Amino acid sequence: MANKPFPRQFQRGYLLEIPLLLFVVVIVLAVVMPRLSLIGQKIAIVIAAIPILFCLFYMIVVPGWVPGTPRRAGLILRLTLFLGCTAAIVVGVGAFIFR
């Protein structure tokens, strides 16, 4: 008799809390930003960028194997995508801070 995998084994390794954390950070930032002074806004953006980058790393790079692509090519593609997102966020935060 073959061992049938349990349904929760199909979802192993991915946390739903990470996208929820990203959602909460962005919502709190959207609510708090208009009420802060310019210096407070700059500090809030820098502080919020850290968990946003962590969440993006976890959602883009960590998932692992992508069906239909070799492991090495998938990893390079995911790292390139993450670095592109990171560069866009860093440029956006820098532009906001140094305006």
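Reference entry: report on the structure contained in this document.

Rules behind the numbers
Residues numbered from 1 in each chain as written. Predicted model: local features only at pLDDT ≥ 70, side-chain atom pairs only at ≥ 80, totals over all residues. Heavy atoms only, no water. Helix = DSSP H or I, 4+ residues; strand = E, 2+ residues; numbered from the N terminus. Contact = heavy atoms within 4.5 Å. Core = buried A, V, L, I, M, F, W, Y, C linked by side-chain atoms within 4.5 Å. Buried < 20%, exposed > 50% of the residue type's maximum accessible area, 1.4 Å probe, protein only.

**A look at the environment of isoleucine 89**
Phase 1 of the analysis: Turning to its location among the elements, isoleucine 89 is positioned in helix 3 (residues 71-97).
Phase 2 of the analysis: For the pair isoleucine 89 and isoleucine 52, spaced 37 residues apart in sequence, the C-alpha separation works out to 9.1 Å.
Phase 3 of the analysis: When near neighbours in sequence (up to four residues on either side) are disregarded, isoleucine 89 contacts Ala49, Ile52, Leu53 and Leu56.

**So, the nonpolar core**
Phase 1 of the analysis: Grouped together as the largest cluster of nonpolar side chains are 18 residues, with contacts concentrated most on Leu29, Met33, Ile45, Ile52, Leu56, Ile60 and Phe82.
Phase 2 of the analysis: Counting residues per element, the ones that place at least two in this core are helix 1 (17-32), helix 2 (38-60) and helix 3.
Phase 3 of the analysis: Considering each element in turn, this core owes the most residues, nine residues, to helix 2.
Phase 4 of the analysis: Residue contacts for isoleucine 52: discarding those within four places in its chain leaves Leu22, Val25, Val26 and Ile89.

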